[in-house]
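Commentary on secondary and tertiary structure
Single-letter residue listing:
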Amino acid sequence: MKKLPFILAFCLTAVYNVAAQPFAFISDTQGPMKVETVIMKTERNIEATDKLLADLSRIPHRAVFFLGDMVSTGSSFGAWERIDRFLTTMRERNTPVYAAYGNHEYMLLSSVGEKNFAQRFPNIPNTGYIVVQDSIAVVVFNSNFSKLNKNTQQTQHQWYERSLDSLNKANDIKFIIVACHHAPYTNSNVVNPNKNVQELYVPAYVNTPKAALFLSGHSHHLEYFDIYQKKFLVIGGGGGLWQDFKKESKHDFTDLIGENQKPRYFYLQITRIGNSLQASVRGFTVEDFGKFEDYPIVSIPFSTTTPYL
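Numbers given to residues run from 1 along each chain, matching the order in which its sequence is written. Only residues with pLDDT of at least 70 get local features here, since the model is predicted, and only at 80 or more are side-chain atom pairs given and counted; chain-wide, interface and lining totals rely on the full set of residues. Values shown for side chains rest on all heavy atoms present in the structure; no hydrogens or waters enter the calculation.

1. Some remarks on the overall build of the protein chain
Strands are runs of DSSP state E lasting at least 2 residues, helices are runs of H or I lasting at least 4, and numbering of each runs from the N terminus. Within the protein chain, the secondary structure is distributed over eight helices and twelve strands. Only heavy atoms enter the contact rule, under which two residues are in contact if any of them lie within 4.5 Å. If you take every contact in the protein chain between residues at least 6 apart in sequence, the share linking residues at least 24 apart comes to 71%. Taken as a whole, the protein chain presents about 14,700 Å² of accessible surface, with 53% of it coming from carbon and sulfur. Using a 1.4 Å probe, the Shrake-Rupley method yields the accessible areas, and only the shown protein chains count as cover for residues.

2. A look at the sheet that holds strand β4 (residues 129-133)
Backbone-to-backbone hydrogen bonds join strands into a sheet, with any given pair of strands oriented parallel or antiparallel. Note on pairing: two strands pair once DSSP finds at least 2 bridges between them. With mixed pairing, six strands are arranged side by side in an open sheet as β4-β5-β6-β7-β9-β8. Two strands in the sheet have a free side with no partner beyond their single neighbour: β4 and β8 (222-227). Looking at each pair of strands side by side, their axes are set apart by 20 degrees on average, direction ignored. Across five bridges, strand β5 (residues 136-140) lies against strand β6 (residues 175-182) in parallel orientation. Bridging from a neighbouring strand, V139 pairs with V178 of β6. Axes here refer to lines fitted to C-alpha atoms; in helices the fit is confined to the stretch in contact. Angles between the N-to-C directions go from 0 to 180 degrees. Set on the sheet, helix α6 (residues 150-169) makes contact with β4, β5, β6 and β7 (211-217); between it and β5 the angle comes to about 175 degrees.

3. Considerations on the pairing of β7
For each residue, the accessible area found with a 1.4 Å probe, counting protein chains only, is set against the maximum for its type, and the residue is called buried under 20%, exposed over 50%, and partly exposed in between. Across the seven residues that make up β7, a large majority, seven, are buried. Of the pairings in the sheet, the one linking β6 to β7 comprises five bridges and is parallel in character. For I177, the partnering residue across the bridge sits in β7 and is L213.

4. Focus: the nonpolar core
One finds F25, F65, F66, L215 and L268 to be the most contacted residues of the largest nonpolar core, which totals 59 residues. By residue number, the principal contributor to this core is strand β10 (residues 265-273), which donates five residues. Ignoring anything within four residues of it in the chain, the contact list for F65 reads F23, A24, F25, I26, Y98, Y129, V131, V138 and V140. Take the buried Ala, Val, Leu, Ile, Met, Phe, Trp, Tyr and Cys residues and link them wherever side-chain atoms come within 4.5 Å; each set so joined is a nonpolar core. Counting 28 residues, the second largest nonpolar core, distinct from the first, contains A137, W159, V206 and V234.

5. Structural notes on the side chain of S135
Here S135 shows up in the loop between β4 and β5. Owing to a relative accessible area of 15%, S135 belongs among the buried residues under this scheme. Here the side chain of S135 touches R272 through a polar contact of 3.1 Å, side chain to side chain. Excluding residues that lie within four positions of it along the chain, S135 makes contacts with D172, I173, K174, F175 and R272. Any pair of nitrogen or oxygen atoms within 3.5 Å is treated as a polar contact; in protein, a donor-acceptor pairing is required on top of that, and neighbouring residues in sequence qualify only through side-chain atoms on both sides.

6. Examining the side chain of H220
On the secondary structure map, H220 appears in the loop between β7 and β8. A polar contact of 2.6 Å, which involves the side chain of H220, links it to the backbone oxygen of L241. Look past the residues within four positions of H220 in its chain and what remains in contact with it is D28, Q30, G236, G240, L241, W242 and Q243.

7. Things to note about unusual backbone geometry
One can expect most non-glycine residues to show negative phi and most peptide bonds to be in trans. A cis amide bond links M107 with the next residue in sequence, L108, at an omega value of -15 degrees. Along the chain, L108 falls in the loop between β3 (97-99) and α5 (110-120). Even without being a glycine, S135 presents a positive backbone phi close to 60 degrees. Look at Q229: it is not a glycine, yet its phi comes out positive at around 60 degrees. Take Q229: it is sitting in the loop between β8 and β9 (230-235). Look at Q229 and you get exposed, because its relative accessible area is 55%.

8. Some details on the packing of helix α3 (residues 45-58) against helix α4 (residues 81-92)
Two elements in contact, α3 and α4, have axes separated by 10 Å at closest approach and are oriented at 10 degrees. Classified by the interaxial angle, the pair formed by α3 and α4 is roughly parallel. Contact with α3, carried on its side by I46, T49, D50, L53, L56 and S57, involves R82, F86, T89 and M90 of α4 and no other residues of that element. Under the scheme applied, nonpolar residues are Ala, Val, Leu, Ile, Met, Phe, Trp, Tyr, Cys and Pro; charged residues are Asp, Glu, Lys and Arg; polar residues are all the others, including Gly. Looking at side-chain class alone, the contact of α3 with α4 contains five nonpolar, three polar and two charged residues. In these notes the angle categories are as follows: under 35 degrees is roughly parallel, over 145 is roughly antiparallel, 65 to 115 is roughly perpendicular, and the rest is oblique.

Here is the structure:
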């Protein structure tokens, strides 16, 4: 009988630790392509990705999401070796891993890239899907619209709007996170804000009270925007080559994180604490390469307020 308090305390601690485990999101872990290195500077990119994935493997997470461009060329089987090692480790630790298609997954032969993706993520469609854990619903869609025929594009869009509406009405859902590869907003000087994502997918997000965060990659930066009183994060810091920003005077959108407050390489962690969603990134700078630090970004309270648009 004397062991009972210890056993009870251990069980309570275990339950607490599971509840406190964050979701992890990482994007743009692709290695540099040879043609890219001719015009863009490399900065220990592959080593940076290895360190990020090792850190992700070490820290317990509720689930891990790749938001596209996992590999340099999706049709090259060898390009997947790093991801394969990571997936094996996560399976051994019973941590689910999910993914979204990026544009690099479709290079060079899109059909082979889709096959390679499907081999690693057999239960994930090439359009949208939903993951629900800890009263958080993560809604992922494919923003590579040119790779989807018109009927598939329309079907995905209709599914997306119905899903947000249904999840918003569900009593067991407190927060909705929307995620895709292409950023609707960015100040990158290399890739443009995606107009299709802006016009087709942002409105439903903005008009859904429980939708708390819109996540994307493609732009190899950390960017945080508050647009229409809703939160948007660009998290393309998984190791891809650095992409210059536009000059500050030419920024199209106000970034709420100063340049001296950002790591170069990082992944995002999201944790629900009571009725709030805590978002922070974990990573390191080029100057302090491999020295991980945590960078708090935003705390978002639970909301059922009237839509903004």
